[in-house]
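# Coordinate inspection notes
One-letter residues, chain by chain:
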Amino acid sequence: MDYGQILRRAWQITWKYKFLWVFGFAIALCRGQGGGGGNFNFGNTFSQGDMQNRNMPISPDVLRQIEQFVNSPAFWGLIVGLIVLILLLSLLSIAVGAYARGALVRSVNRVENGEGLDFRQAWEEGKISFRPLFWLELILSLPSLVIGLSVLGIFLVFFLSILRGGILGSEFSPDELARQLGLLAPFALVALCGLICFGLIIQLLVAIFTVFGSRAIVLEGRSVTASFGRAWEVFTKNLGPILLFALILFGINLVVGIVLAIPIAVLIGGIIIISIGAAVSGAWPLLVIIVGMVFIIAILSALVGGVYRVFVETLWTLVYRQMVGLAKPSGLDRTTSGMPELTSP
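A quick note: this is a predicted structure, and the numbers were derived from the prediction, not measured.

## A short note on the overall build of the chain
Counting its secondary structure elements, the chain contains eleven helices and zero strands. When the elements of the chain are put in sequence order from the N terminus, they spell out α-α-α-α-α-α-α-α-α-α-α. Taken across its 345 residues, the chain has 34% of its residues classed as buried. For the chain, the proportion of contacts with a sequence separation of at least 24, taken over those separated by at least 6, is 78%. Total accessible area on the chain is roughly 19800 Å²; 71% of this is exposed by carbon and sulfur atoms.

## As for the nonpolar core
If you look at the biggest cluster of nonpolar residues, it comprises 52 residues, and the most contacted ones within it are L20, F23, F212, L249, L315, W316 and V319. Contributing elements (two or more residues each) for this core: α1 (3-16), α2 (21-31), α5 (73-112), α7 (130-164), α8 (174-220), α9 (224-237), α10 (239-281) and α11 (286-324). With eleven residues, the top contributor of residues to this core is α11.

## Quick notes on the packing of aromatic side chains
Counted under the stated rule, the structure contains 19 aromatic pairs. Ring geometry for Y99 against F130: centres 5.9 Å apart, planes inclined by 55°, an arrangement best described as tilted. Of this pair, Y99 sits in helix α5 while F130 sits in helix α7, and the two are 31 residues apart along the sequence. Between F209 and W232 the ring centres are 6.4 Å apart and the planes differ by 35°, which places this aromatic pair in the tilted class. In this pair, F209 sits in helix α8 while W232 sits in helix α9, placing the two residues 23 residues apart along the sequence.

## Comments concerning the environment of I202
On the secondary structure map, I202 appears in helix α8. Separated by 61 residues in the primary sequence, I202 and S141 place their C-alpha atoms 10.0 Å from one another.

## Some details on helix α6 (residues 119-128)
Along α6, the residues that are buried comprise A122, E125 and G126. The buried side chains of α6 occupy one side of the element, clustering within an arc of 105° when seen end-on. Every exposed residue of α6 that faces more than 90 degrees away from the buried side is listed here: R120 and I128. The opening residue of α6 is D118, an N-cap whose side-chain oxygen sits 3.2 Å from the backbone nitrogen of R120.

## Here we look at α5
The first and last C-alpha atoms of α5 sit 58 Å apart over 40 residues, in line with the 58 Å expected at 1.5 Å per residue. Where α5 terminates, the next one or two residues include G114, which has phi positive at roughly 85°.

## Considering the packing of α5 against α6
Viewed as axis vectors pointing N to C, α5 and α6 meet at an angle of 115°, and their least axial separation amounts to 7 Å. Judged by the twist between their axes, the crossing of α5 over α6 is right-handed. For the pair α5 and α6, the contacting residues are Y99, G102, A103, R106, S107 and R110 in the first and Q121, A122, W123, E125, G126, K127 and I128 in the second. Split into classes, the residues belonging to the contact of α5 with α6 amount to five nonpolar, four polar and four charged.

How each quantity is defined
- Residues numbered from 1 in each chain as written.
- Predicted model: local features only at pLDDT ≥ 70, side-chain atom pairs only at ≥ 80, totals over all residues.
- Heavy atoms only, no water.
- Helix = DSSP H or I, 4+ residues; strand = E, 2+ residues; numbered from the N terminus.
- Buried < 20%, exposed > 50% of the residue type's maximum accessible area, 1.4 Å probe, protein only.
- Contact = heavy atoms within 4.5 Å.
- Areas by Shrake-Rupley, 256 points an atom, 1.4 Å probe, with all protein chains shown as cover.
- Core = buried A, V, L, I, M, F, W, Y, C linked by side-chain atoms within 4.5 Å.
- Phe/Tyr/Trp six-rings, centres within 6.5 Å; stacked < 30°, edge-to-face > 60°.
- Arc of directions from axis to C-beta.
- Polar contact = N/O pair within 3.5 Å; in protein donor to acceptor, adjacent residues only side chain to side chain.
- Expected span 1.5 Å × (residues − 1).
- Axes fitted to C-alpha atoms, helices over the stretch in contact; angles between N-to-C directions.
- Left-handed = near helix turned anticlockwise from the far one by under 90°.
- Nonpolar A, V, L, I, M, F, W, Y, C, P; charged D, E, K, R; others polar.

Don't take any of this as a statement about function, it's just geometry.
Written as structure tokens, this is what we have:
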């Protein structure tokens, strides 16, 4: 297997057929690429003495209303509504991702077979394998969904247990809060660590079946159930080349991330400086500039993520064709075979 040629070919297809970036953006968006996180640091707004003396910044009436809401059916209706919303958004994300992946894989296969391709044809290609790909990705998404809901459940139990300790009632004391946290924190920590370890193993298996199972469906016409066995067979028989390509993609991803981090860090620094200046001087029109800079960061991340996702999907499609014998023999000239030779501008 010519690793350099496959990498070059993947980039040539990615760069020439720029309309495929739309599908790459859809996959990147549905996969939540780029991730994020928050670090919230709430200062010591009121001291322990204030809490013991009930000199809290929230009136007792408001606290009583919060406690009544938490103990009412409306609270559980809100929780159920949140879970339903998560499920609906998950289904939408799976559907969009399955359609975009099918369109990308079939489009690359079409190009490699020497057929013409435009955006309308690529869009139509996505319809052909949409249903089996949707069921495959739905099955593969279930473990992550279960883990996510389990984490939500842990935090919910943790929150309700603290409330039962009287944090919102007149009998509340900091010592009681500390006791509640001391009892629940170890169990919550063990549960979260177990879910994280389990999640890492599951995500590895999901990645294997997503990459190779989807191509077994699209390129070989396998059923959803048969695609699992086929994916595992291809993975175990070609473990060396697959790990090498995975390491190459990891390196590319790392380099791209470092290159992008520099301008994004500059933009974020500018946002912080402008925000401080606007707050001090009262020049709130500067918020328009802040919104514009945030928009630039979002567009830059989305564009790079979409292009990179097209490259990755194209690369794995070319690799899969080589592994299962769908690609043309290496000794056959591309020009005489009728396949277009792509060149990067």
